[in-house]
Amino acid sequence: MGFFEEHPDEGAGNWISSNEKAEIIADGTPLVVTAVSEKHEGQYGLTYTVTVTLDDEERCISFPAEGVQSRDRMLENMRDYISKPGAETVRIALVKKGRATIIVDADAPTEGSE
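Structure report, in brief. (Residues numbered from 1 in each chain as written. Predicted model: local features only at pLDDT ≥ 70, side-chain atom pairs only at ≥ 80, totals over all residues. Heavy atoms only, no water.)

## What about the pattern of salt bridges?
Side chains carrying opposite charge are able to pair once their charged atoms draw close together. Inspection of every chain in the model, using the stated rule, returns five salt bridges. Glu20 is the partner of Arg59 in a salt bridge, and the nearest nitrogen-oxygen pair spans 2.6 Å. Residue Arg59 is found in strand β4 (residues 57-64), and its partner Glu20 is found in helix α2 (residues 18-27); the two are separated by 39 residues along the sequence. With a relative accessible area of 26%, Glu20 lands in the partly exposed category. Bridged by salt links that share partners, the residues Glu38, Arg79 and Asp80 form one connected network. (Salt bridge = Lys/Arg side-chain N within 4 Å of Asp/Glu carboxyl O. Helix = DSSP H or I, 4+ residues; strand = E, 2+ residues; numbered from the N terminus. Buried < 20%, exposed > 50% of the residue type's maximum accessible area, 1.4 Å probe, protein only.)

Here it is, written out as structure tokens:
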């Protein structure tokens, strides 16, 4: 048995690629949040990892910490909220504001949709 058969790559999560993220933003695809990590040191500095459901599959997406304070507060509050028994499902959408990716309520009306 070869090395890779004996030691398959289990990875560190099923990450959403940058191309997929761009499509999610462009299409306004809703994501169901299932977990939010504590702030941790990542490859590019302090990061939050958000686990979401996309196409019935758990996937991960990361957000830099301490760059957009309102997003940091939202992610910390979201982590606390979804850990409560009986918490409602949290559905988010991603939008681009300048260079930042902003998290919004997927079920809220968007500008011009009313």
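Resuming the write-up.
## Focus on helix α3 (residues 69-82)
Taking 1.5 Å of rise per residue, the 14 residues of α3 would be expected to cover 20 Å, and the 20 Å separating its terminal C-alpha atoms lies within 8% of that figure. Looking only at α3, the buried set comprises Arg71, Asp72, Leu75, Met78 and Arg79. Take α3 and look down its axis: the buried residues cluster within an arc of 130 degrees, on one side only. When the buried face of α3 is taken as reference, the exposed residues oriented beyond 90 degrees from it are Gln69, Arg73 and Asn77. Tucked into the core, α3 has its buried residues touching β1 (31-36), β3 (45-54), β4, β5 (90-97) and β6 (100-105). (Expected span 1.5 Å × (residues − 1). Arc of directions from axis to C-beta. Contact = heavy atoms within 4.5 Å.)

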